[in-house]
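Next come the chains, spelled out residue by residue.
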Amino acid sequence: MKVVFIGSGNVATHMSRAFKAGGHTVLQIWSATFAHAEILATNVEANPIQNLSEISLEADLIVISVKDDAIANMVSRLANTNSLVVHTSGAADLDVLMNLKRRGVLYPLQTFSKGKMLDFKQVPLCIEAGDAESLAILERFAESLSNAVYFVDSAKRRILHLAAAFACNFVNQLYTLSNDLLKQNELDFNLLRPLIKETAEKVQHLSPIDVQTGPAIRRDEKTLYAHLEMLQDRPELQNIYQILSDSIKKSHQ
């Protein structure tokens, strides 16, 4: 199958590689920054294009992989295409593609970085389409990329995206705050890496609520108070600490 990518960021980079590895032909790459399109196109043996009007009529699938706020603009410029067009957003509804003849969603539930390789076969792909024929085509595409394909409608996908923000983005921000505290006191973040790894490995096999540890679940008020005192010069961190500690207590009533 022949695929065109609109976008050249982290998701487009990993997904275009996965399409190529899956035996498909990545025909073209478009990016708002042409130099970025050139780089990705070289990596997947595609042609970089400067204008969306250059998209090949041979494309079976056009993948819009841009920030959510830019999807509608891309759609308005693809109104006349006969290709199946999908976006890769977890937060945007299928309806953002309403003006297209054939439309769908191909949402990879993973965090991507260009320089970090991963096994795309293990990435959950959530699909949705505007009609049965498009869904069947999209399912075949998805199954050639991943062993974990799920039918998820727009409403449930928004919930999934929200949950992912808690599980990934917010957790990583807590890593950042932990690292800041350590650096301020000349301590190395490497001291926390085994703890982080063990916690992540536990939730691969157990419910998160069953692996919670620490002073909040033990109701160790003396330690909780001491921690808050240590953060007296960082009221925003005190607030985060208090909210999360209270949430832990509530979850384990």
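Residues numbered from 1 in each chain as written. Predicted model: local features only at pLDDT ≥ 70, side-chain atom pairs only at ≥ 80, totals over all residues. Heavy atoms only, no water.

As a further point, take the pattern of salt bridges. Applying the stated criterion across every chain, the model contains 6 salt bridges. E45 serves as the salt-bridge partner of K20, at 3.8 Å between the closest nitrogen and oxygen. Residue K20 is found in helix α1 (residues 10–21), and its partner E45 is found in the loop between α2 (34–44) and β3 (47–49); the two are separated by 25 residues along the sequence. A relative accessible area of 34% places K20 in the partly exposed class. In this structure E45 comes out as exposed when scored by relative accessible area, which is 64%. Among the salt bridges present, the one from R157 reaches E128, with a minimum N-O distance of 2.8 Å. With R157 in helix α5 (residues 154–184) and E128 in strand β7 (residues 125–129), the pair connects residues that are 29 residues apart, well separated along the chain. As far as the burial class goes, R157 and E128 line up, both buried. (Salt bridge = Lys/Arg side-chain N within 4 Å of Asp/Glu carboxyl O. Helix = DSSP H or I, 4+ residues; strand = E, 2+ residues; numbered from the N terminus. Buried < 20%, exposed > 50% of the residue type's maximum accessible area, 1.4 Å probe, protein only.)

If you walk through the whole model with that rule in mind, you get 4 aromatic pairs. With centroids separated by 5.7 Å and ring planes inclined at 70°, the aromatic side chains of F19 and F141 adopt a geometry described as edge-to-face. Residue F19 is located in helix α1, and its partner F141 is located in helix α4 (residues 132–145); the two are separated by 122 residues in the primary sequence. Look at F19 and you get buried, because its relative accessible area is 0%. Taken together through their ring pairs, the aromatic side chains of F5, F19 and F141 make up a single cluster. (Phe/Tyr/Trp six-rings, centres within 6.5 Å; stacked < 30°, edge-to-face > 60°.)

Here the focus is the side chain of S65. Counting through the fold element by element, S65 comes out in the loop between β4 (61–64) and α3 (71–76). By relative accessible area, which is 11% here, S65 ends up buried. A polar atom in the side chain of S65 sits 3.4 Å from the side chain of T88. Discounting residues that sit within four places of it in the chain, S65 has contacts with I6, G7, V11, A12 and T88. (Polar contact = N/O pair within 3.5 Å; in protein donor to acceptor, adjacent residues only side chain to side chain. Contact = heavy atoms within 4.5 Å.)

Spatial strand order, β3-β2-β1-β4-β5-β6-β7-β8: 8 strands in an open sheet with mixed pairing. Unpaired on one side and paired on the other, β3 and β8 (149–151) mark the two borders of the sheet. In this sheet, neighbouring strand axes are inclined to one another by 25° on average, regardless of whether the strands run parallel or antiparallel. Both β4 and strand β5 (residues 84–87) contribute to a ladder of 4 bridges, which runs parallel. Bridge pairing in β5 places V63 opposite V86. Lying on the sheet, α4 is in contact with β1 (2–6), β4, β5, β6 (103–108), β7 and β8; it crosses β7 at an angle near 165°. (Pairing = 2+ DSSP bridges. Axes fitted to C-alpha atoms, helices over the stretch in contact; angles between N-to-C directions.)

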